[in-house]
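The chain contents come next:
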Amino acid sequence: MANMQGLVERLERAVSRLESLSAESHRPPGDCGEVNGVSGGVAPSVEAFDKLMNSMVAEFLKNSRILAGDVETHEYQEDRNDLVISETELRQVAYIFKCEKSTLQIKGKVNSIIIDNCKKLGLVFDNVVGIVEVINSQDIQIQVMGRVPTISINKTEGCHIYLSEDALDCEIVSAKSSEMNILIPQDGDYREFPVPEQFKTAWDGSKLITEPAEIMA
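Predicted model, so just to flag it, every value in this text is computed and none were measured. (Residues numbered from 1 in each chain as written. Predicted model: local features only at pLDDT ≥ 70, side-chain atom pairs only at ≥ 80, totals over all residues. Heavy atoms only, no water.)

### Quick word on the nonpolar core
We count it as follows: Buried Ala, Val, Leu, Ile, Met, Phe, Trp, Tyr and Cys residues that are joined via side-chain atoms within 4.5 Å together make up what is termed a nonpolar core. Note on exposure labels: buried denotes an accessible area under 20% of the residue type's maximum, exposed denotes more than 50%, and partly exposed covers the range between, all computed with a 1.4 Å probe on protein chains only. Only DSSP runs of H or I with at least four residues qualify as helices, and only runs of E with at least two residues qualify as strands; both kinds are numbered from the N terminus onward. Note on contacts: a residue pair qualifies if any of its non-hydrogen atoms lie within 4.5 Å across the two residues.
Ile 96, Ile 106, Ile 113, Ile 115, Leu 123, Phe 125 and Ile 142 are the most contacted members of the largest nonpolar core, which totals 32 residues. Top contributing element to this core by residue count: strand S7 (residues 119-128), with four residues. Ignoring any residue separated from it by four or fewer positions in sequence, one finds Ile 106 in contact with Ile 85, Thr 88, Ala 94, Ile 113, Leu 123, Val 124, Phe 125 and Asp 126.

### Brief notes about the pairing of strand S10 (residues 150-154)
Here is the rule we go by: Two strands are counted as paired when DSSP detects at least two bridges linking them.
With respect to burial, S10 is a largely interior element, four of its five residues being buried. Here strand S8 (residues 131-135) pairs with S10 via five bridges, running parallel. Note that in S10 the partner of Val 132 across the bridge is Ile 151. Note: S10 against strand S12 (residues 171-175), five bridges, orientation parallel. When the sheet's bridge partners are listed, Ser 152 is paired in S12 with Val 173.

### Concerning the sheet that holds S12
How we decide: For helices, the fitted line uses only the C-alpha atoms of the stretch in contact; every axis is such a line through C-alpha atoms, and the angle between N-to-C directions lies from 0 to 180 degrees.
One open sheet accounts for five strands, arranged S4-S6-S8-S10-S12; its pairing is parallel. Two strands close off the open sheet at either side, each with one partner strand: strand S4 (93-97) and S12. With direction set aside, neighbouring strand axes in the sheet form an average angle of 10°.

Written out as structure tokens, the structure is:
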């Protein structure tokens, strides 16, 4: 972490020098001198930018991906049932993007999990201290082994959530979604409860009252 902090500080100083160099580039031709090891010329700021991108910026992006849980491995996975994140930290955010027909297991405790544009994805995780978000996805199955305070479902068709005994106080927040079911452990099995998709609203004389519309056969 100390190495990462030092890299961030170096990057900030380099960006500051780049801004200074950009100002220098507005001086008359041949009068730009040398800033940050780059000689003056037609476009010294472009040279400096290339130097940054090929050195410390590249290093910064690489380390960022490592700290975030190797984000690259959670994108565009298909027909994979062996995806596992075993080395986790409390500050981590797992971002799962455009994965299909795959299963991912996240061990330990992470900050939050985001499922974005996935289809037929299975997620099993131990503990999340923040939120699990499902966005623009289809046919998602989530199994909570430990605890999670909030699960958010937005613009999703088909989402089944298996809660553990320790996660029964989890809040489910949904919007513009359908076919959502919460499965509660009971007597060694799971009992399924549908999440309402329709609501009715009425004026009670002083305020609006909204409640689920029960139109189920």
